[in-house]
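# Residue-level structural notes
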Amino acid sequence: MSTPFYVSPQQAMADRAEYARKGIARGRSLVVLQFADGIVFVGENPSRALHKFSEIYDRIGFAAAGKYNEYENLRIGGVRYADLRGYTYDRDDVTARGLANVYAQTLGTIFSSAAEKPYEVELVVAEVGETPEGDQIYRLPHDGSIVDEHGSVAVGGNAEQISSYLDQRHQEGMTLAEALKLAVQALSRDTNGSEREIPAERLEVAVLDRTRPQKRKFRRISGPQLSRLLGGGAEDSASEDDE
Amino acid sequence: MDFLSEHQPEILPGNRQLPPTQGVIEAPHGTTIVAVTFPGGVVLAGDRRATMGNVIAQRDIEKVFPADEYSAVGIAGTAGLAVEMVKLFQLELEHFEKVEGAQLSLEGKANRLSTMIRSNLGMAMQGLAVVPLFAGYDVDRGRGRIFSYDVTGGRSEEHNFAATGSGSIFARGAMKKLFRDDLSEADATTLVVQALYDAADDDSATGGPDVARRIYPIVTVITDDGFRRLTESEASEIARSILERRLEQPDGPRAALL
């Protein structure tokens, strides 16, 4: 009869973290940036149907990198949590902080439970406030920790390089077009430092727009509107006004 | 709702046990709701009165709610239960949209509401009925549609116009005479306010426009641009112009005899 080898808890955790990190690194990265009128989500996504970004509630958006079936599961859980909260109490009682806590608990439990394999996902939960000071962005790595972020966040494969690029260049009060262009520049940098072109059709873009009159601030940007925003520098300050 | 019935059944309206009661339970009731289609959309409107027996329980109750971007519900019947039903209905539509990434079809929304009314049958038997009117813009077919219900959840699609609530008989009569196929959006909004005026004229539980308190009917329009509720000044303008004409002709516009 074979006796199981002894594996120290440190080693076991390190292995699990390594496994999750590798899984996340295989996927494409995405970035979340604050701009003057809200928060913009930008990622490379060849699929039209499988979204990386989605609406959770009125002011709350969700972004995920990693394995689709795992983050989709978490997304639906988040929508249920938010809708149930809002129905039982009030729409104002649904907050990104509460949601991030639920996600952290779930991810943390799965990560440290020996029965399950760790989730290969990294999430971003963002809430747009009445003013830029009220914006909240939380990053949730695979192990269930929460990182409170400001300005810009990158998750996924090439996250470290992209976020240092963003940190240097991101400014407060950027327009949507400026933020979008910066995000695309950041995403098109490869691991080896070279740059490649990402066509507009391969981009998935969504915003939480605080200027939207409806309660639900989330909207997707695609097609002609996206190409217009990504287009030339001079004309888009004019074209942005008519939105 | 399936999720709720598994996890928190106590917050769903249909799952409450009622103690047996004698006679009718006194609770505020909402009254008249009318809807009319026009080329390009549908108008849904309601008066502002809630009654409890012979007492006016509330003068400025709101009985027309957006269900989602392209549909609205107007409620007649027990106000408390109806408002809760609408809240749950709104939640379900929004939840479906977020989880599935697509909106329910208008038919699907109407069926869903039907099930919710049916789950209230026990209460309805004790006099706490909820009878809504559902109207929406069918994005696939490109036109406005109206669905009416009975207390058992029976659903039927209405053509051109519909009304529900205590004043509905009078409102329907008015709309029958005023409706035509080529109404503009402005004509349709005037028509529903005329119908509500006639309902208030003959039904004591329906409130007419209250000029002194500036309380006017709620009028909502749903087109391919989505749901829009007329502002107070727009609604007051329609109500005042009707009122002015009725000072000369108290029974309102006359239709041709033949």
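Residues numbered from 1 in each chain as written. Chains lettered and ligands numbered in written order. Predicted model: local features only at pLDDT ≥ 70, side-chain atom pairs only at ≥ 80, totals over all residues. Heavy atoms only, no water.

## Structural notes on the sheet that holds strand 7 (residues 147-149) of chain A
Residues and elements named next belong to chain A. Strand order in the open sheet formed by 5 strands is 3-4-5-6-7, with antiparallel pairing between adjacent strands. Pairing within the sheet leaves two strands with one partner each, and these edge strands are strand 3 (53-57) and strand 7. In this sheet, adjacent strand axes meet at a mean angle of 25 degrees when their direction is disregarded. Sheet contacts for helix 3 (residues 96-112): strand 3, strand 4 (60-66), strand 5 (121-127) and strand 6 (136-140); angle to strand 6, the most-contacted strand, approximately 0 degrees. (Pairing = 2+ DSSP bridges. Helix = DSSP H or I, 4+ residues; strand = E, 2+ residues; numbered from the N terminus. Axes fitted to C-alpha atoms, helices over the stretch in contact; angles between N-to-C directions. Contact = heavy atoms within 4.5 Å.)

## Side note on the interface of chain A and chain B
Often, the extent of an interface is quoted as the loss of accessible area upon association of its parts. Contacts between the two partners involve 17 residues from chain A and, on the opposite side, 15 residues from chain B. Where chain A packs against chain B, one counts 3 salt bridges. A salt bridge links Glu97 of chain B to Arg216 of chain A, with the shortest nitrogen-to-oxygen separation between them at 3.3 Å. Between chain A and chain B we count 8 residue pairs in polar contact (both at pLDDT 80 or more) in total. Listing elements by their share of the side of chain A that touches chain B, those giving two or more residues are strand 3 and helix 2 (68-88) of chain A. By residue class, the composition of the side of chain A that touches chain B is 7 nonpolar, 2 polar and 8 charged. (Salt bridge = Lys/Arg side-chain N within 4 Å of Asp/Glu carboxyl O. Polar contact = N/O pair within 3.5 Å; in protein donor to acceptor, adjacent residues only side chain to side chain. Nonpolar A, V, L, I, M, F, W, Y, C, P; charged D, E, K, R; others polar.)

## A few points about the packing of helix 4 (residues 159-169) of chain A against helix 5 (residues 176-187) of chain A
All names here are of chain A. It is at 9 Å that the axes of helix 4 and helix 5 come closest, and there the two elements cross at 145 degrees. Relative to helix 5, the crossing made by helix 4 is right-handed. Residues Ile162, Tyr165, Leu166 and Arg169 of helix 4 touch helix 5, and the partners they reach there are Leu182, Gln185, Ala186 and Leu187. When the residues that make up the contact of helix 4 with helix 5 are grouped by side-chain class, the tally is 6 nonpolar, 1 polar and 1 charged. (Left-handed = near helix turned anticlockwise from the far one by under 90°.)

## Some details on the confidence of the model for chain A
When pLDDT is averaged along chain A, the result is 88; 93% of the residues meet or exceed 70. In the predicted structure, residues 233-243 of chain A sits below a pLDDT of 50 and forms 17 contacts with residues beyond four places in sequence or in another chain. (pLDDT = per-residue confidence, 0-100.)

## A short note on the sheet that holds strand 3 (residues 41-46) of chain B
All names here are of chain B. Pairing in this open sheet of 5 strands is antiparallel, and the strands run 11-2-3-12-13 from one edge to the other. In the strand order of this sheet, the two ends are held by strand 11 (161-164) and strand 13 (226-229), each with one partner. Neighbour-to-neighbour, the strand axes of this sheet turn through a mean angle of 15 degrees, independent of strand direction. The pairing of strand 2 (residues 33-38) with strand 11 spans 4 bridges and is classified as antiparallel. For Val36, the partnering residue across the bridge sits in strand 11 and is Phe161. Its contacts with the sheet put helix 5 (residues 168-178) on strand 2 and strand 11, and the angle it makes with strand 11 is roughly 165 degrees. Along the sheet, helix 6 (residues 185-202) makes contact with strand 2, strand 3, strand 12 (218-223) and strand 13, crossing strand 2 at roughly 155 degrees.

## Things to note about the side chain of Arg246 of chain B
All names here are of chain B. Tracing the sequence through the fold places Arg246 in helix 7 (residues 232-248). Residue Arg246 is classed as buried on the basis of its relative accessible area of 4%. Discounting chain neighbours no more than four positions away, the residues touching Arg246 are Gln194, Tyr197, Asp198, Asp251, Gly252 and Pro253. (Buried < 20%, exposed > 50% of the residue type's maximum accessible area, 1.4 Å probe, protein only.)

## Notes on the pattern of salt bridges
For the coordinates displayed, the defined rule picks out 35 salt bridges over all chains. In this structure, the salt-bridge partner of Lys117 of chain A is Glu120 of chain A, at a minimum N-O distance of 2.9 Å. The class of Glu120 of chain A is buried, set by a relative accessible area of 4%. A salt bridge links Lys98 of chain B to Glu94 of chain B; its shortest N-O distance comes to 2.9 Å.

## A short note on the nonpolar core
As a rule of thumb, nonpolar side chains are buried together in soluble globular proteins. Residues Val73, Leu88, Phe89, Leu113, Phe134 and Tyr149 of chain B are the most contacted members of the largest nonpolar core, which totals 28 residues. Among the elements of the structure, helix 2 of chain A together with strand 6 (64-68), strand 7 (71-78), helix 2 (79-100), helix 3 (106-118), strand 8 (130-138) and strand 9 (143-149) of chain B are those that each provide at least two residues to this core. Considering every element that reaches this core, the biggest residue donor is helix 2 of chain B, with 8 residues. Not counting residues up to four positions away in its chain, the partners in contact with Val73 of chain B are Leu44, Lys63, Val64, Phe65, Ala67, Val86, Phe89, Leu113, Pro132, Leu133 and Phe134 of chain B. Counting 27 residues, the second largest nonpolar core, distinct from the first, contains Val42, Leu180, Leu187 and Val205 of chain A. (Core = buried A, V, L, I, M, F, W, Y, C linked by side-chain atoms within 4.5 Å.)

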